[in-house]
Amino acid sequence: MYVAVKGGETAIRNAHALLAEERRGDPAVPELTLEQVKEQMALAVDRVMTEGSLYDRDLAALAVKQACGDLIEAVFLLRAYRTTLPRLAVSEPVDTATMDIRRRVSATYKDLPGGQVLGPTFDYTHRLLDFSLAETGHPQEKPAHGDAAAIPERMPKVVDVLDHEGLIEREIAPPEPAEATDLTRVPLDFPAGRDARLQNLARGDEGFLLALAYSSQRGFGSAHPFAGEIRMGEVAVEIVPEELGFAIEIGDITLTECDMVSQFKGSATESPKFTRGYGLSFGHCERKAMAMALVDRTLRTRELGGEALYPAQDEEFVLSHSDNVEASGFLQHLKLPHYVDFQGELVTVRHLKAEAARRRPEQAEIVP
Amino acid sequence: MTNAMREPLAGYNFAYLDEQMKRSIRRAILKAVAVPGYQVPFGSREMPLPYGWGTGGIQVTASIIGAEDVLKVIDQGADDTTNAVSIRQFFARTTGVATTERTAEATIIQTRHRIPERPLGPGQIIVYQVPIPEPLRWVEARETETRKMHALQEYGVMHVKLYEDIARFGCINTSYNYPVLVNGRYLMAPSPIPKFDNPKMDRNPALQLFGAGREKRIYAVPPFTSVKSLDFEDYPFDVQHWDHCCALCGAADSYLDEVVTDDRGGRMFVCSDTDYCGERRTAGHVGAGTPVALAAEAAE
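Here the structure is a predicted model, which is why all the values come from computation and not from measurement.

A. A look at the domain arrangement of chain A. Residues and elements named next belong to chain A. Partitioning chain A into domains gives domain 1 (16–82) and domain 2 (96–119 + 149–172 + 187–327). For domain 1 and domain 2, the distance between their C-alpha centroids amounts to 28 Å. Listed by partner, the interface residues are 13 residues for domain 1 and 17 residues for domain 2. Buried area between domain 1 and domain 2, both sides added, is near 1300 Å², and the carbon and sulfur share of it is 56%. Per-residue buried area on domain 1 facing domain 2 is highest for T50, Y55 and R79; these three make up 46% of the total on that side. At the boundary of domain 1 and domain 2, one finds two salt bridges. Notably, a salt bridge pairs R79 with D323, separated by 3.0 Å at the nearest N-O pair. Among the elements of the structure, α3 (42–52) and α5 (71–82) are those that each provide at least two residues to the side of domain 1 that touches domain 2.

This is the structure we're talking about:
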């Protein structure tokens, strides 16, 4: 019998109620608080803020909770909310040299001014499941805080200061800083400037960038990278209110920054040197910042006179497909009804089949 | 059928987007109307519905809708499919405007995959949700290339594709999103409407707007503009035909959905445009139907 697809409204309402029930899980278990998410799922919050392009730990924690831990869904929630926010001001560029350092490592120099600061990292943990964490309230080892005064207030970038021979290219700010492109306001255009590219990569999906960076390391685009420097810590954000005319601090944000250094053999116009790729994330998203830095560098292939042969070197390929909110939406829209198009295809395929049978009657019999 | 106006959602601007954003979209729309069929880039935003669900159409509708408008939303021709319901609710909540399922009563019709069977009139606006705005995308993956091809009106490659279809299959193997030439200049994707609907676009008295949110493009066909489906003199454009009429209303001139009625190959063909089908039945038209189906209808 034929029952028309009625009752969409009721079905949607019920789906929402079921989702809310699933989100809450067993009501005998205490409900998750945003403070808990913010404090104890901090890296999830960091990723959602980075890819959501919105620095707000409370809202990101809410998004993680609302999305039942689905981080791409949480990124989407944050982005949709961001759409409704007015733009009150544009900040001054942050100066990461003045970062209040919590972590700073360089893989290119053994020792450097300010020293290596390991900070909180998974790097040297043995990945053994810690069953003591299965119990709550277990005792914690207190970290021995080193001499904080030993970390200088201003810690210039490793690759900017230690290269006395001019072997590593300098990142020089343009004398007249033009207004940076903002992809949340204007659509991406090709060729994209470095500002648009870096914004796109900063918002881009960590998994996608990780895979691209990895592919270049394995030979699909030769990158030969070194981690020149990775630093994480707090940076002050300043704005210049029109009525004041000078910069005031509006708060601190946590950033992770990565400078990748890659060998460059030189071209007809450029001498051999080390080139740089740049990565930056909100919070502590080190894998993301490193992958971003690598991909920033592979996308400079054409600029450096090379030929873009591999996906990681192809600006249009990378920048058009890096956004997980776009990708996830378009992939999942396949769940929406397509029966009108499918009906068109049915008509076509039936016609083609009849046509083929008319041309070659012997083949038609093979079909059961 | 028409739900009256309500108070819009507190805490959000009318139609969700702020006025600056709506203005920037309207500027893109004006440009699109001025250059029929040309894809105008615009600063598409994340909406509270996912990309792929019609964010382009939603942003276009949000930027043109006013308190006096009457909105109809369809998906696959039907007002009661889940996504159509969801988008209609979104606008009912954020604008409070009246909504309708009647094509004739609507001032704005947002659609996915269909054009209503009832001819549109002057003053009406139809907003298409577009997944891939670029008609040349399946021939050339790069935006940098396709933009050049449009600039130079270099569309030979599309004719070659259609020719190859005929050479290999004996017919043009495209049943939806069939490419059209607008105003004799721009090649345009009509969005994934079945080619059955293509002739309706030609010299339509309504304004036709197309929004692609994820791809950040808007394009338009102004009223009474020529929209020609590509073809060859010896292989003229043709639309789908059925050997059946609608089982519910008996219409022989509408696009039919095929409904599987059992697991033994039983089929039933019904209008995809639910408003059209309903109007016809109200007017006393009856299809061949099946007794079970008719009983189910009567019980509703």
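Picking up after the structure, the text goes on.
B. Quick peek at the packing of aromatic side chains. A full pass over the atoms with the stated rule returns twelve aromatic pairs over all chains. Ring centres 5.2 Å apart and planes at 75° place the aromatic pair F90(B) and F91(B) in the edge-to-face group. Classification of F90(B) by relative accessible area gives buried; the value is 11%. On the basis of an interplanar angle of 85° and a centroid distance of 4.8 Å, the ring pair of W242(B) and Y255(B) is categorised as edge-to-face. One end of the pair, W242(B), is in the loop between β10 (227–229) and β11 (256–260); the other, Y255(B), is in the loop between β10 and β11, with 13 residues separating them in the sequence. Put simply, the rings of Y12(B), Y16(B), F90(B) and F91(B) touch in pairs and so form one group of aromatic residues. Sitting over the ring of Y186(B), R185(B) keeps its end group 4.1 Å from the ring centre. The ring centre of F330(A) lies 3.6 Å from the NZ or CZ of R214(B), which sits over that ring.

C. Spatial organisation of the domain arrangement of chain B. Residue and element names in this part refer to chain B. Looking at chain B, the domain boundaries give domain 1 (19–136 + 175–228) and domain 2 (256–299). Of note, the centres of domain 1 and domain 2, computed from C-alpha atoms alone, are 28 Å apart. Domain 1 puts 13 residues into the contact, and the matching count from domain 2 is seven residues. Where domain 1 touches domain 2, the interface holds one salt bridge. A salt bridge links E279 to R118, with the nearest nitrogen and oxygen atoms 3.4 Å apart.

D. Quick peek at helix α9 (residues 286–298) of chain A. All names here are of chain A. A rise of 1.5 Å per residue sets the reference length of α9, with its 13 residues, at 18 Å; its end C-alpha atoms lie 18 Å apart and thus fit the reference within 8%. Within α9, eleven of the 13 residues are buried, which leaves the element mostly enclosed by the surrounding structure. Listing the buried residues of α9 in full gives E286, K288, A289, A291, M292, A293, L294, V295, D296, R297 and T298.

E. A look at the sheet that holds strand β6 (residues 180–182) of chain B. All names here are of chain B. With respect to topology, three strands assemble into an open sheet ordered β7-β6-β10, the strand pairing being antiparallel. The open sheet is flanked by β7 (186–188) and β10, the only strands paired with a single partner. Between one strand axis and the next, the sheet turns by 35° as a mean value, whatever way the strands run. Strand direction decides the pairing type here: β6 and β10, joined by three bridges, are antiparallel.

F. The pairing of strand β2 (residues 70–75) of chain B, seen in detail. All names here are of chain B. For β2, the tally of buried residues reaches six of six residues, placing the bulk of the element in the interior. Of the two faces of β2, the one lined by V70, K72 and I74 and the one lined by L71, V73 and D75 are each fully buried. Pairing geometry for β2 and strand β3 (residues 98–99), over two bridges, is parallel. When the sheet's bridge partners are listed, V70 is paired in β3 with A98. The parallel pair β2 and β3 is bridged by helix α3 (residues 82–95), and the resulting crossover is right-handed. Looking at chain direction, β2 and strand β4 (residues 108–112) are connected through five bridges and run parallel. Looking across to β4, one finds that D75 is bridged to R112.

G. Examining a negative patch on the surface more closely. Taken together, the side chains of E92(A), D100(A), E153(A), E238(A), E249(A) and D252(A) present a region of like negative charge at the surface. Judged by relative accessible area, which is 74%, E153(A) ranks as exposed.

H. The side chain of R214(B), seen in detail. Structurally, R214(B) can be placed in the loop between β8 (207–212) and β9 (217–221). Polar contacts involving the side chain of R214(B) include one to the side chain of E215(B), which spans 2.8 Å. In this view, R214(B) contacts E326(A), F330(A), Y51(B), T55(B), P131(B) and I132(B); residues no more than four positions away in its chain are not counted.

I. Molecular detail of α3(B). Relative to the 20 Å expected for 14 residues at 1.5 Å per residue, α3(B) spans 20 Å between its end C-alpha atoms, a close match to the ideal helical length. Of all 14 residues making up α3(B), ten are buried, and the element is well covered by its neighbours. Among all positions of α3(B), only N83(B), A84(B), V85(B), I87(B), R88(B), F90(B), F91(B), A92(B), T94(B) and T95(B) are buried. Where α3(B) is buried, its residues touch α1 (8–24) of chain A together with α2 (55–64), β2, β3, β4 and β5 (125–129) of chain B. Following α3(B) by one or two positions, G96(B) adopts a phi angle in the positive range, close to 75°.

Conventions we followed
For every chain, the first residue of the written sequence is number 1, and numbering continues from 1 along that sequence. The lettering of chains begins at A and the numbering of ligands begins at 1, in the order of writing. For a predicted model such as this one, the threshold for reporting local features is a pLDDT of at least 70, and the threshold for listing and counting side-chain atom pairs is 80 or more; totals across whole chains, interfaces and linings nevertheless cover every residue. Side-chain numbers come from the whole structure's heavy atoms, not from hydrogens or water. Domain segmentation is taken from an automatic or database assignment of domains. Residues count as neighbours in contact if any of their non-hydrogen atoms are within 4.5 Å of one another. Once two parts are put together, the accessible area they lose, assessed with a 1.4 Å probe and summed over both, is termed the buried area. Here a salt bridge means any side-chain nitrogen of Lys or Arg lying within 4 Å of a carboxyl oxygen belonging to Asp or Glu. Only DSSP runs of H or I covering at least 4 residues are called helices, and only runs of E covering at least 2 are called strands; the numbering of each starts at the N terminus. Stacked, tilted and edge-to-face are the three classes applied to pairs of Phe, Tyr and Trp rings, where Trp contributes its six-membered ring and a pair requires centres within 6.5 Å; stacked means planes under 30 degrees apart, edge-to-face means over 60, and tilted covers the rest. Residue burial is assigned from relative accessible area. The probe radius is 1.4 Å, only protein chains are included, and a residue is buried under 20% of its type maximum, exposed over 50%, and partly exposed in between. A ring has a charge above it when a Lys NZ or an Arg CZ is no more than 6 Å from the ring centre and no more than 35 degrees off the ring normal. A helix's residues, less one, multiplied by 1.5 Å, set its expected span. Pairing between strands is defined by DSSP: at least two bridges between the two strands are required. Simply put, an axis is a line fit to the C-alpha atoms, just over the touching stretch for a helix, and the angle between two N-to-C directions goes from 0 to 180 degrees. Here the term right-handed applies to a crossover when the path leading from its first strand over the helix to its second strand runs clockwise, the strands being oriented away from the viewer. By definition, no residue in a patch forms a salt bridge, and every one has over 30% relative accessible area; like charges are joined within 9 Å, nonpolar side chains (Val, Leu, Ile, Met, Phe, Trp, Tyr) within 5 Å. In this description, accessible areas are obtained by the Shrake-Rupley approach with a 1.4 Å probe, and a residue is regarded as covered only by the protein chains that are shown. Here Asp and Glu are counted as negative and Lys and Arg as positive; His is not counted, and neither are the chain ends. Note that the charge is assigned to NZ on lysines, CZ on arginines, CG on aspartates and CD on glutamates. Any pair of nitrogen or oxygen atoms within 3.5 Å is treated as a polar contact; in protein, a donor-acceptor pairing is required on top of that, and neighbouring residues in sequence qualify only through side-chain atoms on both sides.

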